[in-house]
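Results of the structural survey
Listed below are the residues making up each chain.
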Amino acid sequence: MLWDTHMHSNFSGDCGSTPESMIEAAITKGLSGVCLTDHMDYDFPSHPKNPVIFEFDPDAYQQKIQELQLQYADRISVQYGIELGLQPHLAERHAKLLESYPYDFVIASSHLVHGKDPYYAEYYNGRTEKEAYLEYFHSIPENIRAFSDFDVYGHLDYVVRYGPDQNANYSYAEYADLIDEILKQLIGLGKGIEVNTAGFKYGLGHPHPCEDILKRYHALGGEILTLGADAHQPAHVAYGFDQLPQLLQSCGFSYYTVFKNRKAEFIPLEK
């Protein structure tokens, strides 16, 4: 009876699924609750291969979530979230948005690295995969220093989804100094990280972040850990969640976290 607190609907520019279809899938899969976290990525560069706009009407989104909360009140808990694509120059704009709407949960994510999208091959051109990954990890502390009014940092090693060799040559140990800096920064600010099971969907064999990072987060005193499949279609809601209780317990965790009204609630993992 887990919660999937990272999912998208047709309010996100890269998703065509209705919110209702995502929630119905969660009910079918026996989840206790969900949080819709549609993309708000201001100043996202258009790409000729995929000219997507990652912004939505926040008034319409709030109204829809409120309607869904009433519609599904006796079937499943539905929370009101958002996924912000961080870039340092957007800090003031993000602050104004969060002042204006009563989100339950805010995910901060790195979808761009100094204005470049690691989804595309151009990000890796002219340098090694390691150099590209290093730039990604260097950019996260910059984002956090500029803006920290979020609850968790999403898919912390997201870049390995799209690298030329994905995670074949990637490990926590290879980037330990940078990743430790990020984890200590988040823990010091009272922020958490998410376990994003899309890594399984992308064939990595691991969640984002990988297990060694989760173990390190726990060893450093990290406690706030949310669960999300990053689903963009109903079939991927709670993807790989059957693996989570054992995986998280092997990393030292006995609880996971759900946010309501921006407040953390800790829920025991079933054995």
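Since this is a predicted model, take the numbers as computed values, not measurements. The numbers attached to residues start from 1 for each chain and follow its sequence in the written order. The predicted origin of the model limits local features to residues at a pLDDT of at least 70 and limits the giving and counting of side-chain atom pairs to 80 or more, whereas totals for whole chains, interfaces and linings rest on all residues. As a rule here, side-chain values come from all non-hydrogen atoms in the structure, and water together with hydrogens is ignored.

**Topic: the packing of helix H1 (residues 19-28) against helix H2 (residues 58-71)**
Close contact between H1 and H2 brings their axes to 11 Å; oriented N to C, the two are set at 35°. Handedness of the crossing formed by H1 with H2: right-handed. Contacts from Pro19, Glu20 and Ile23 of H1 reach H2 at Lys64, Leu68 and Gln71. Residues are sorted three ways: Asp, Glu, Lys and Arg are charged, Ala, Val, Leu, Ile, Met, Phe, Trp, Tyr, Cys and Pro are nonpolar, and all the rest, Gly among them, are polar. Residues belonging to the contact of H1 with H2 are distributed by class as follows: three nonpolar, one polar and two charged. Only the contacting stretch of a helix is used when fitting its axis, a line to C-alpha atoms as for every element, and angles between N-to-C directions run 0 to 180 degrees. Only runs of H or I of at least four residues qualify as helices and only runs of E of at least two qualify as strands under DSSP, and these elements are numbered from the N terminus. Rotating anticlockwise by less than a right angle from the far helix to the near helix defines a left-handed crossing, while the corresponding clockwise rotation defines a right-handed one. In this analysis, two residues are considered to be in contact whenever any of their non-hydrogen atoms come within 4.5 Å of each other.

**Details of the side chain of glutamine 185**
Mapped onto the elements, glutamine 185 comes out in helix H5 (residues 176-188). For glutamine 185, the side chain forms a polar contact with the main-chain oxygen of proline 141, separated by 3.4 Å. Ignoring any residue separated from it by four or fewer positions in sequence, one finds glutamine 185 in contact with Pro141, Ile144 and Arg145. Throughout this description, a polar contact denotes any pair of N or O atoms lying within 3.5 Å of each other; where both atoms belong to protein, one of them has to be capable of donating a hydrogen while the other can accept it, and for residues adjacent in sequence the pair is counted only when both atoms sit in side chains.

**Focus on the environment of glycine 85**
Structurally, the position occupied by glycine 85 is in strand E3 (residues 77-85). For the pair formed by glycine 85 and aspartate 43, sequence separation is 42 residues and the distance between their alpha carbons is 9.3 Å. Beyond its immediate stretch of four places on either side in the chain, glycine 85 contacts Met40, Asp41, Leu90, His94, Ser109 and His111.

**Side note on helix H3 (residues 91-100)**
Every buried residue of H3 is listed here: Ala91, His94, Leu97 and Leu98. The arc that holds every buried residue of H3, seen down its axis, measures 125°, which confines them to one face. Projecting away from the buried face of H3 at angles above 90 degrees are the exposed residues Glu92, Glu99 and Ser100. Buried residues in H3 make contact with strand E2 (33-40), H2, E3, strand E4 (105-109) and helix H4 (129-146). The buried label applies to any residue whose accessible area, calculated with a 1.4 Å probe on protein chains only, is under 20% of its type's maximum; exposed applies above 50%, and partly exposed to all values in between. Arc definition: it is the arc formed by the directions from the helix axis to the C-beta atoms.

**A word on the packing of H4 against H5**
Contact geometry of H4 with H5 gives a least axis separation of 9 Å together with a crossing angle of 20°. Classed by the angle they form, the pair H4 and H5 counts as roughly parallel. At the point where H4 passes H5, the crossing takes the left-handed sense. Packed against H4, whose contacting residues are Leu134, Phe137, His138, Ile140, Pro141, Ile144 and Arg145, the element H5 presents Leu178, Ile179, Glu181, Ile182, Gln185 and Leu186 at the interface. Along the lines of polarity and charge, the residues of the contact of H4 with H5 split into nine nonpolar, two polar and two charged. Here is the rule for angles: anything less than 35 degrees is roughly parallel, anything more than 145 is roughly antiparallel, 65 through 115 is roughly perpendicular, and the remaining ranges are oblique.

**Brief notes about the pattern of salt bridges**
Any carboxyl oxygen of Asp or Glu within 4 Å of a side-chain nitrogen of Lys or Arg constitutes a salt bridge here. Scanning the entire structure with this criterion turns up 12 salt bridges. Across the pair lysine 96 and glutamate 92 runs a salt bridge, and its minimum N-O distance is 3.5 Å. Residue lysine 96 and its partner glutamate 92 are located together in helix H3, separated by four residues, close to a single helical turn. Exposure remark for lysine 96: the relative accessible area of 49% places this residue in the partly exposed category. A residue is classified by how much of its surface remains accessible, and glutamate 92, at 57% relative accessible area, is exposed.

**Looking at the pairing of E3**
Within E3, eight of the nine residues are buried, which leaves it mostly tucked inside the rest of the structure. Here a strand pair is declared whenever DSSP counts at least two bridges between the two strands. Pairing analysis gives eight bridges linking E2 to E3, with the strands arranged parallel. From the neighbouring strand, threonine 37 faces E3, where its bridge partner is glycine 81. As defined by bridge partners, E3 adjoins E4 across five bridges and the pair is classed as parallel. Residue glycine 85 lies in a different strand from E4, and its bridge partner there is serine 109. Crossover handedness for the path E3 to H3 to E4: right-handed. With its strands directed away from the observer, a crossover is right-handed exactly when the path from the first strand over the helix to the second travels clockwise.

**Topic: H5**
Given the number of residues in a helix, its expected span is that number minus one, multiplied by 1.5 Å. Helix length check: H5, at 13 residues, gives a terminal C-alpha distance of 18 Å against a target of 18 Å (1.5 Å per residue), a fit within 8%. Within H5, burial applies to Ala176, Leu178, Ile179, Asp180, Ile182, Leu183, Gln185 and Leu186. The inward-facing, buried residues of H5 abut H4, strand E5 (152-153), strand E6 (192-196) and helix H7 (211-219). Glycine 190 occupies a position one or two residues after H5 and carries a positive phi of about 75°.

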